[in-house]
Structures are given as structure tokens and as C-alpha cells.
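Chains, contacts and geometry: an overview
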Amino acid sequence: MINQNSVAILGAGAWGKALATLAQTNAHNVKIYSRRGSQTLAQTVEGADIILSAVSMKGVRDVASQLQSLSISPQTIFVTATKGLDPQTTCTPSQIWQDTFPNNPVVVLCGPNLSKEITQELPAATVVASNIESAAESVQLVFNSTRFRVYTNPDPLGVELGGTLKNVMAIAAGVCDGLQLGTNAKAALLTRGLTEMVRIGVHWGAKPETFYGLSGLGDILATCNSPLSRNYQVGYQLGQGKTLVEVLSQLQETAEGVNTAEVLVQRAKQQNISMPITQEVYRLLQAEVTPRQALLDLMTRDIKPEVDS
């Protein structure tokens, strides 16, 4: 059993700070790295048993590359808490970490976790997933508490994609509420959105049942219904008639769904995967359609069976 007392958190945003507090509450020794902080990356990760990345998607590859030049123990567990896709390669964050550190265990942490509520010490649950069961269990022990219940899962790709793909659906849900389309419309949108997530996730190599857990369905329920969600806010304000430039200029942190939609559309085209909701979200973000036109496009598609044969 490795010493779990030294945890390095990379990223001092709301999510990184919330995770740091959870580990500190469990009496672990936590260091936080920020580009604006006084501590260097090397100082932050020195002797760390767990290195948790909570940086935005655009910073993952750069931070991983910087760490590669340092002396990292092969026993060190990397945890990724980033939700997004690399625009150049369509890789997930965990794939980037695993490619960079092929001999280290990599764990994905994901779930319906709005950082503001966690900071307020409201109860929540999450999933830690890895191909190496002992690594997931080690991370589980670091963060689990009476207010933050942590489950393990053997499908890291599915858990990671559940948290990533739902950001696009959160934009769609925000548009739905911004247009005041009602409960029926939103229920239909999110149900079909989950179907879309499962479709591309399975094509990617994930297990379908993973998407009905905390990281897929659970994350949809939280992110697609809360004004605390940045992606929901993007959609809501687009539905209210604002431009994407106006919306993004007011956000304090990154809305990963904007980038994710573009990457997904590229991948869906390459592999001929039907993703109508994602496609309309992308077209809306590109100002190719209005919110009302995107709705009409979805409602007038060819009729079909609910379940793919």
C-alpha cells in the first residue's frame, strides 16, 4: 500500500480548490499548483504519491509535457479531473496522461460535481475509474467522506466520456430553458441526448452501462439543470438571444462544451456516427443557425424507431 498522504493538485480553479479541500479534510498533505502561485511545478509534485490534474483541457498536454522532464516515481498515481477533448487528436485527458506516463497508473475522477456545492459542503458522489483497481481504490480513500461519497469503476474511458459529452448536452439544455420550451421538450432532449452519448461512447470503446451511472446520467441531471453550470449558462444565454462572443466574455472559467462540440462533430463525420443534437449545438455555436432553427431541424428529422436495431 503506497503512502497516500502527499497529494499534488494541479490547477487552482474552483474545481481544483474543492478537491484540495476534500483531501485536506481527510488529513492528507496537499499542495496546489497555480501558474500565478509562488511554488513551481517541480516543488508542487516533489514526493507526491498522487498528482491530480484539474487544469483546463487546453493546458493538459503542456502540463503533462512539463512533468515529463521531472523525476516522477513510477508508483505515483495520476488522477485527471478535466472534462474535454484535445482538438488536434480527439484524445481524452486520461489518454494524454497515459501516453506521457505509460508506466504510471492513471485514474479518472468524474461525476455530478458542481464545485460550488462541494465547497458549501453539500452532499455529493463521484466516480474514480481506472484499469488498475488498486489505483482507483487508493484515490477513493483519499477523497471519500461523509459528504463526498466516492465509487470505483473499471471503465475509465466511459466515465471520462460521460463527463465530457454531457457538456454539449448541457449547452442544449440551457438553450431549451432559454427559449422556455417547457418540461416535455427538455425531458425529450436529455433522453435523446443520453442515447447520443451512449452511441458515440460505445463506438469509442466504452461500456454502455457506464453512461447510466454517476458520470453519464448523474452528470446530465446536475449539469443540465443548474445555473451553476458554465455550459448550461452558455446555452441559456444563447437561447435568450446573446451571441457566443458576448456569453464567453462574461464567463469566469472555461465552458469545455464549446470546444468539445467541435471535436465531436469532426469525429462523428470521420466515422459516420449520427449525432444530431451535437451537430445542432455546433451549428448554433458557429452562428450557422438560430436557436429556433436548431429546434426546428431536430423536430423535423426523419421519423424512426426509438431504439436502434
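Here, the structure is the one placed above.
Notes on the structure in this doc start here. Each chain has its residues counted from 1, running along the sequence as written. For a predicted model such as this one, the threshold for reporting local features is a pLDDT of at least 70, and the threshold for listing and counting side-chain atom pairs is 80 or more; totals across whole chains, interfaces and linings nevertheless cover every residue. Calculated side-chain values reflect all of the structure's heavy atoms, with hydrogen atoms and water omitted.

Some remarks on the overall build of the protein
How we decide: Under the scheme used here, helices are H or I runs from DSSP no shorter than 4 residues and strands are E runs no shorter than 2 residues, and both carry numbers assigned from the N terminus. Exposure classes here rest on a 1.4 Å probe applied to the protein chains alone. A residue is buried below 20% of its type maximum, exposed above 50%, and partly exposed in between. Two residues form a contact once any of their heavy atoms are found within 4.5 Å. Residue-level accessible areas treat just the shown protein chains as cover; the underlying method is Shrake-Rupley with a 1.4 Å probe. Under this rule, positive means Lys or Arg and negative means Asp or Glu; His and the chain ends count for nothing. Lysine's charge is taken at NZ, arginine's at CZ, aspartate's at CG and glutamate's at CD.
For the protein, the count of helices and strands is 14 helices and 7 strands. The C-alpha extent of the protein, read off along each of the three principal axes, is 55 × 40 × 35 Å. Burial statistics for the protein: of 309 residues in total, 54% are counted as buried. The long-range share in the protein, meaning contacts at least 24 apart out of those at least 6 apart in sequence, stands at 70%. For the protein, the accessible area works out to roughly 14,400 Å², and carbon and sulfur atoms hold 50% of it. In the protein, which carries 23 positive and 25 negative side-chain charges, the distance between the mean positions of the two groups comes to 4 Å.

A closer look at the nonpolar core
Using the following cut-off: What we call a nonpolar core is a set of buried Ala, Val, Leu, Ile, Met, Phe, Trp, Tyr and Cys residues that are connected through their side-chain atoms within 4.5 Å.
Among the nonpolar cores identified, the biggest contains 45 residues, and L161, F211, V234, L264, V281 and L285 are the most heavily contacted of them. Elements represented by at least two residues in this core include exactly α7 (156-178), α8 (183-204), α10 (230-239), α11 (244-250), α12 (256-271) and α13 (276-285). The element contributing the most residues to this core is α7, with 11 residues. Among all residues touching F211, those that are not within four sequence positions of it are G158, L161, G162, L165, L194, M197, V198, G201, A206, G216 and L217. Ranked by size, the runner-up nonpolar core spans 27 residues in total, among them A20, A81, V139 and V150.

Some details on helix α9 (residues 214-223)
With 7 of 10 residues buried, α9 is to be regarded as a mostly interior element. Listing the buried residues of α9 in full gives S215, G216, G218, D219, I220, A222 and T223.

Some words on the sheet that holds strand β1 (residues 6-10)
Applicable threshold: Two strands are counted as paired when DSSP detects at least two bridges linking them. To obtain each axis, a line is fitted to C-alpha atoms, and for helices this fit is confined to the stretch in contact; angles are then taken between N-to-C directions over 0 to 180 degrees.
Overall, mixed pairing links the 7 strands, which are arranged β2-β1-β3-β4-β5-β6-β7 in an open sheet. Each edge of the open sheet is held by one strand with a lone partner, namely β2 (29-33) and β7 (148-153). Strand-to-strand, the axes of this sheet are offset by a mean angle of 25 degrees, without reference to chain direction. Along the sheet, α7 contacts β4 (77-80), β5 (106-110), β6 (124-129) and β7; its crossing angle with β5, the most-contacted strand, is approximately 35 degrees.

Brief notes about the pattern of salt bridges
The condition is simple: Any carboxyl oxygen of Asp or Glu that lies within 4 Å of a side-chain nitrogen of Lys or Arg is treated as forming a salt bridge with it.
One pass over the full model with this rule turns up 7 salt bridges. Between D219 and K83 there is a salt bridge, with the nearest N and O atoms lying 3.0 Å from each other. One end of the pair, D219, is in helix α9; the other, K83, is in the loop between β4 and α4 (93-100), with 136 residues separating them in the sequence. Relative accessible area serves as the criterion here: at 2%, D219 is assigned to the buried category.

With respect to the layout of surface pockets
It is a probe the size of a water molecule, rolled over the atoms, that shows where empty space is left. Basically, it comes down to this: The definitions used throughout rest on a 1 Å grid laid over the protein atoms alone, on which a cavity is an enclosed set of points accommodating a 1.4 Å probe that cannot get out and a pocket is an open set flanked by protein within 12 Å on both sides along at least five of seven lines; lining residues are those having an atom within 4 Å of a point. Grid points are joined across faces, edges and corners, and a volume is the space filled by probe spheres set on the points.
Here the largest pocket is characterised by a volume of approximately 1,400 Å³. If you trace the largest pocket, you find 45 residues lining it, with G13, A14, R230, E253 and T254 closest to the centre. Elements with a minimum of two residues in the lining of the largest pocket: α1 (14-25), α3 (57-68), α5 (115-119), α7, α9 and α10. Sorting elements by how many residues they give to the lining of the largest pocket places α3 first, with 5 residues.

Considering the packing of aromatic side chains
Formally: Each pair of aromatic rings taken from Phe, Tyr and Trp, with Trp reduced to its six-membered ring, is defined by centres within 6.5 Å and is described as stacked if the planes are under 30 degrees apart, edge-to-face if over 60, and tilted in the remaining cases. The rule is short: NZ of Lys or CZ of Arg within 6 Å of the ring centre and within 35 degrees of the ring normal puts a charge over the ring.
Considering all chains together, one arrives at 4 aromatic pairs under this definition. When the ring of W97 is compared with that of F101, the centres are 6.3 Å apart and the planes differ by 20 degrees; the resulting orientation is stacked. There is no split in this pair, since W97 and F101 are both buried. For R267, the ring lying beneath its charged end belongs to W204, and the centroid distance is 3.7 Å.

A short note on the pairing of β1
Definition in use: By convention, a crossover is right-handed whenever its connection, traced from the first strand over the helix to the second and viewed with the strands pointing away, goes clockwise.
Of all the 5 residues making up β1, 5 are buried; the element is thus mostly covered by neighbouring parts of the structure. Here β1 shows a buried face lined by S6, A8 and L10 and a second buried face lined by V7 and I9. Where β1 and β2 come together, 5 bridges link them in parallel fashion. Looking at the pairing, A8 lines up with K31 of β2. Between the parallel elements β1 and β2, the chain passes through α1 in a crossover that is right-handed. Bridge analysis of β1 against strand β3 (residues 50-53) gives 4 bridges, and the strand direction is parallel. Note that in β3 the partner of A8 across the bridge is I51.

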